[in-house]
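Overview (structure and organization)
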Amino acid sequence: DDDEQGDNDDDDDEQQNSSSLVGSTSKQIAVYPNPASNELNILFPQKYSNVNIHLHSIDGRRIVSKTYNNENQMQLNTSTINNGVYFLTIEFEGRLEHTKIHIQQ
């Protein structure tokens, strides 16, 4: 009965960064770390042109807006953003994806 020796070696790695997966399973976007302090990383499974990233406060004010072209990894500088909850909107290929981001300096 000792045949099951489990692959528990990978368990420690999964708890280092909290991330959100956004979108359908075929085009998932990783957004990490969450909460963010200095920067927020957005990782696509492939390169897209004309990707718009918007960060809004909970009262609807636009905090950051950036456009990226032909990249699959983007970074938003969050070091000057006040602590709180924000909404991240990602526009690409006619799609809109949303997720909640916490900023904690």
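Read on for an overview of the structure. (Residues numbered from 1 in each chain as written. Predicted model: local features only at pLDDT ≥ 70, side-chain atom pairs only at ≥ 80, totals over all residues. Heavy atoms only, no water.)

1. Describing the environment of Leu 43
For the record, the criterion: Starting at the N terminus, helices and strands are each numbered in turn, a helix being any DSSP run of H or I of at least four residues and a strand any DSSP run of E of at least two. Should any heavy atoms of two residues lie within 4.5 Å, those residues are counted as being in contact.
Examined against the element boundaries, Leu 43 turns out to sit in strand S3 (residues 39-48). Taking the C-alpha atoms as reference, Leu 43 lies 6.5 Å from Met 74; in sequence the two are 31 residues apart. Beyond its immediate sequence surroundings of up to four residues, Leu 43 is in contact with Gln 28, Ile 29, Ala 30, Tyr 32, Asn 72 and Gln 73.

2. Examining the sheet that holds strand S8 (residues 95-103)
Going by this rule: Think of it this way: DSSP has to see at least two bridges between two strands before they count as a pair. Convention adopted: a line fitted to C-alpha atoms gives each axis, helices being fitted over their contacting stretch, and angles between N-to-C directions are expressed from 0 to 180 degrees.
What the four strands build is an open sheet, ordered S5-S4-S7-S8; its pairing is antiparallel. Each of the sheet's edge strands pairs with one partner strand only, and the pair in question is strand S5 (62-68) and S8. For this sheet the average axis-to-axis angle between neighbouring strands, irrespective of direction, equals 15°.

3. Description of the pairing of strand S7 (residues 84-92)
The pairing of strand S4 (residues 51-57) with S7 spans six bridges and is classified as antiparallel. Across the sheet, residue Asn 52 finds its bridge partner in S7, namely Glu 91. Taken together, the nine bridges between S7 and S8 define a ladder with antiparallel strand orientation. Bridging from a neighbouring strand, Phe 87 pairs with Lys 100 of S8. Counting the residues between successive antiparallel strands, the hairpin from S7 to S8 contains two residues, one of them, Glu 93, with a positive phi of roughly 50°.

4. Observations regarding the packing of aromatic side chains
Defined as follows: Only Phe, Tyr and Trp rings are paired, with Trp represented by its six-membered ring, and only when their centres lie within 6.5 Å; those with planes under 30 degrees apart are stacked, over 60 edge-to-face, the remainder tilted. For each residue, the accessible area found with a 1.4 Å probe, counting protein chains only, is set against the maximum for its type, and the residue is called buried under 20%, exposed over 50%, and partly exposed in between.
The full count for this structure, using the stated rule, is three aromatic pairs. Ring geometry for Phe 44 against Tyr 48: centres 5.4 Å apart, planes inclined by 65°, an arrangement best described as edge-to-face. Relative accessible area serves as the criterion here: at 3%, Phe 44 is assigned to the buried category. Among the residues examined, Tyr 48 registers a relative accessible area of 3% and is labelled buried. For the ring pair Tyr 48 and Phe 92, a centre distance of 4.8 Å and an interplane angle of 55° mean the geometry is tilted. In this pair, Tyr 48 sits in strand S3 while Phe 92 sits in strand S7, placing the two residues 44 residues apart along the sequence. Ring pairing ties together the aromatic residues Phe 44, Tyr 48 and Phe 92, which thus form one cluster.

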